[in-house]
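If you want the building blocks of each chain, they are given just below.
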Amino acid sequence: MEKLTKKDIISNIAEDSHLTKKDITEVVDLALTQIFEGLSAGKTVDLAGFGKFEITERKAREGINPLTKEKIQIEASKSVKFKIAKALKEAVNK
C-alpha cells in the first residue's frame, strides 16, 4: 500500500493551483494547528465530507505486563477517535 505524506499533498496542490509550495505549506500547517488546538481544548473537529475527530476518555484499569505476567495499573487517558464521513467511506469502498 502506498503512502501519501504531507509533502506529497503540498506538492500535489502546488501542481493543481497557482500557489507556491511555501504558501500551501503555511496554509496546511495553520489548518493542522487549528485541528491540534481544537482537540487539545477538548473540542470535536468536524470536517464535512471527510470525518469527525473526537476526544474519548479511557478509564483507569488493571492490565498485565506481557513480559513478567505481573498485574499493573493503567492510568486513565484520553485518545482521539476518528469517525469517517459517508462521502469518504463511499469513495474508499469503490
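Look up: the structure comes first, before these words.
If you're wondering where the values come from, they're calculated on a predicted model, not measured in any experiment. (Residues numbered from 1 in each chain as written. Predicted model: local features only at pLDDT ≥ 70, side-chain atom pairs only at ≥ 80, totals over all residues. Heavy atoms only, no water.)

J.: Go over helix α2 (residues 21-40) with me, naming the residues and quoting the values.
T.: A rise of 1.5 Å per residue sets the reference length of α2, with its 20 residues, at 28 Å; its end C-alpha atoms lie 28 Å apart and thus fit the reference within 8%. In the core, the buried residues of α2 are packed alongside α1 (6-16), β1 (45-47), β2 (51-58) and β5 (77-84). Within two residues after α2, G42 carries a phi angle of roughly 85°, on the positive side. (Helix = DSSP H or I, 4+ residues; strand = E, 2+ residues; numbered from the N terminus. Expected span 1.5 Å × (residues − 1). Contact = heavy atoms within 4.5 Å.)

J.: So what's going on with α1? Which residues, and what values?
T.: Those residues of α1 lying buried are I10, S11 and A14. Down the axis of α1, the buried set is contained in an arc of 95°. They therefore lie on one face. Residues of α1 that are exposed and angled more than 90 degrees away from the buried face: E15 and D16. (Buried < 20%, exposed > 50% of the residue type's maximum accessible area, 1.4 Å probe, protein only. Arc of directions from axis to C-beta.)

J.: Can you lay out the packing of aromatic side chains for me, pointing to particular residues and giving the numbers?
T.: Tallied over the entire structure, the rule returns two aromatic pairs. With a centroid separation of 5.5 Å and 55° between ring planes, the pair formed by F50 and F82 is classed as tilted. Residue F50 is found in the loop between β1 and β2, and its partner F82 is found in strand β5; the two are separated by 32 residues along the sequence. Judged by relative accessible area, which is 40%, F50 ranks as partly exposed. Note on F53 and F82: the rings are 4.8 Å apart at their centroids and 50° apart in plane angle, and the pair reads as tilted. (Phe/Tyr/Trp six-rings, centres within 6.5 Å; stacked < 30°, edge-to-face > 60°.)

J.: Describe the packing of α1 against α2, and please don't skip the residues or the numbers.
T.: The N-to-C vectors of α1 and α2 enclose an angle of 130°; their axes lie 9 Å apart at closest approach. Taken together, the axes of α1 and α2 lie oblique to each other. Between α1 and α2 lies a crossing of right-handed hand. Contacts between α1 and α2 involve K6, I10, S11, I13 and A14 from the former and K21, I24, T25, V28, D29 and L32 from the latter. Here the residues of the contact of α1 with α2 sort into six nonpolar, two polar and three charged. (Axes fitted to C-alpha atoms, helices over the stretch in contact; angles between N-to-C directions. Parallel < 35°, antiparallel > 145°, perpendicular 65-115°, else oblique. Left-handed = near helix turned anticlockwise from the far one by under 90°. Nonpolar A, V, L, I, M, F, W, Y, C, P; charged D, E, K, R; others polar.)

On their own, these measurements won't tell you what the molecule is for.
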